[in-house]
Amino acid sequence: MTSEWWRTAAIYQIYPRSFADANGDGMGDLAGITSRLVALQELGINAIWLSPFYTSPQRDAGYDVADYCDVDPLFGTLDDFDAMIAEAHARGIRVIVDLVPNHSSDAHEWFQAALAAAPGSPERARYLFRDGRGPDGAEAPNNWESVFGGPAWTRVLESDGTPGQWYLHLFDSSQPDFDWTNDEVREEFRDILRFWLDRGVDGFRVDVAHGMIKAEGLPDYTPPAEGGSMGGAAGVTAAASGVPLEPEISAEPGDSAPYWGQEGVHDIYRDWRALLDEYPGERILAAEAWVDPLPRVAKWVRPDEMHQAFNFAYLETPWNAEALRHVIDASLDAFGSVGAPSTWVLSNHDVVRHATRLSVTEANPQGHGLGPRSKGLPEYAPGLRRARAATALMLALPGSAYLYQGEELGLPEVIHLPDDARQDPTWFRTGGERYGRDGCRVPLPWEGSAPSYGFGPADASWLPQPEQWASLARDRQRDDPTSTLSLYRGALALRRSRDLGAGALEWLPGFAESIVAFRNGDVVVVANTGDAAVELPAGEVLLSSEPLEGGMLPADTTAWLAA
Ligand code: NOJ
């Protein structure tokens, strides 16, 4: 593998609950991942990022961690982890794990100790406990709202049984926020990093990397408008609807929430970077930082901080040529200005799958999800067509690309999940008003004719799989040159052989407004976001997301040509 592998890597996100189930209990596990790594090697990715598999009550699908240095029995054991990473490395695949430092689970021994201890104790000082407001302290310490809906504070009962202090949870009430001004917390996380680095991990995806430090005094704050993202500014989330909007990437500071993007977070990452750099190989940090605009995100990847930050501005850009050109330029400028690669991403476990999202015609803020009552839902085939074109565009861009499990099969968002199957805390905390994120988390289809479509050996799956999974299963697509799987495999192979990740982008003039056209090295890329077919420049066609029509590039299609 080349040096600075992360600058150009294609990184595949595994959501362990839903990737592959080895023991037939309906829940994915580490042994399942190990058994299916061959498929990822064939796909042609460079690294995997695993969402959490640590000990957890699973109130937020594992983003509520009770023990950071162990594997939850649902997913296996530490030995299973060691076997998985050894197999991945043997196949030339690096392994990135998820680190969840903003909050723990309420089942974490530190939080249990805090509940048992008195106000003002060192046990409480690891979290953000505060007295309430009002005469009896019966009102929350401030007006902050949880990202999942409802108040961000919960009141505890003190040991004498009387209502007492409140603790902060920016997410579910089962996810108390740590106090990162406390050195004990910092020391603990250094040990956690070392634990996994010693086990051979190649890096960490850092959850809520914009949230760990809160403004002094925890001042009241009212977000500007409908939010609902993992903490992004409202202006960005509006674009997630897929409704073509004017690109709105300004140089102004975005959201000024006293819990997002505080300057103090950067000291933590400098400290972690120094720690990672003590290790051989190139271990990386990747930030989940929902801040806006892009020049602000670039602060997370200054040379002595993290290596990568997710490009949510790109993910939230509609299928609109002008908006795409704008966000691509803004990304390359912002990340380039600090010497970092840009990243690109279209789907993950928190957003509506892009085979659906890019064609939704009604506003749908991130995190709200889609369900039977949602409006503006697209048909599958045209939605997939657009998604294939969007992916073909993304994989030609210089930098590092993130893929989310199942997108290589063209999986849509699952809209028709029964209410009683839903598990996202958003669904519960909003009384069903927001569907939440379960629709992008349905277990993968591997074999069209097998029980649970090959997800596991039994007919069991923690979220019900739709019948459509049979025709989208990996074995049905594998040898079909027109399948979405073949498109991904072809694009990833060309991306590697033509070194597109390390390339430089040059816009090509002379195309209609609805066309995105650029050259990257010896490849010319033309994406048609409009309604009518357009002429392609001369050159051998290397790849096309749909068949060409008499040499013309049809609507919602991307082609790569030899320059
Ligand atoms: C972001 C994660 O991606 C999401 O799934 C989780 O619910 C929140 N952070 C809280 O940890």
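It should be noted that the structure appears before, not after, this text.
Report on the accompanying structure. (Residues numbered from 1 in each chain as written. Predicted model: local features only at pLDDT ≥ 70, side-chain atom pairs only at ≥ 80, totals over all residues. Heavy atoms only, no water.)

Okay, helix 12 (residues 380-394) next. End to end, helix 12 covers 21 Å across 15 residues, agreeing with the expected 21 Å (1.5 Å per residue, within 8%). Three or more residues of helix 12 are buried, namely Gly383, Leu384, Ala387, Arg388, Ala389, Ala390, Thr391, Ala392, Leu393 and Met394. (Helix = DSSP H or I, 4+ residues; strand = E, 2+ residues; numbered from the N terminus. Expected span 1.5 Å × (residues − 1). Buried < 20%, exposed > 50% of the residue type's maximum accessible area, 1.4 Å probe, protein only.)

Two pairing modes exist for strands in a sheet, parallel and antiparallel, and in both the strands are linked by backbone hydrogen bonds. Ordered by their spatial adjacency, eight strands build an open sheet running 11-10-9-5-2-1-13-12, and the pairing between neighbours is parallel. Two strands close off the open sheet at either side, each with one partner strand: strand 11 (308-309) and strand 12 (343-345). This element, helix 16 (residues 484-497), spans strand 1 (10-14) and strand 13 (400-404) of the sheet and lies at about 160° to strand 13. (Pairing = 2+ DSSP bridges. Contact = heavy atoms within 4.5 Å. Axes fitted to C-alpha atoms, helices over the stretch in contact; angles between N-to-C directions.)

Taken together, 14 residues lie near the ligand, and Asp60, Asp207, His349, Asp350 and Arg437 sit nearest. The contact in question runs from an oxygen atom of the ligand to an N or O atom on the side chain of arginine 205, over 3.0 Å. Against a free-state accessible area of 290 Å², the protein chains account for coverage of 100% of the ligand. Taken together, the residues of the shell around the ligand break down into five nonpolar, two polar and seven charged. (Near = heavy atom within 4 Å. Polar contact = N/O pair within 3.5 Å; in protein donor to acceptor, adjacent residues only side chain to side chain. Areas by Shrake-Rupley, 256 points an atom, 1.4 Å probe, with all protein chains shown as cover. Nonpolar A, V, L, I, M, F, W, Y, C, P; charged D, E, K, R; others polar.)

This part covers the packing of helix 5 (residues 183-198) against helix 7 (residues 265-277). Between two packed helices, both the angle of their axes relative to each other and the distance between the axes serve to describe the pair. Put simply, helix 5 and helix 7 touch, their axes get as near as 11 Å, and they point 35° apart. Seen from above, helix 5 lies across helix 7 with right-handed handedness. Here Arg186, Phe189, Arg190, Leu193, Arg194 and Leu197 of helix 5 come into contact with helix 7, specifically with Asp267, Ile268, Asp271, Trp272, Leu275 and Leu276. Broken down by class, the residue content of the contact of helix 5 with helix 7 amounts to seven nonpolar, no polar and five charged. (Left-handed = near helix turned anticlockwise from the far one by under 90°.)

As far as function goes, none of this settles anything; it's purely spatial.
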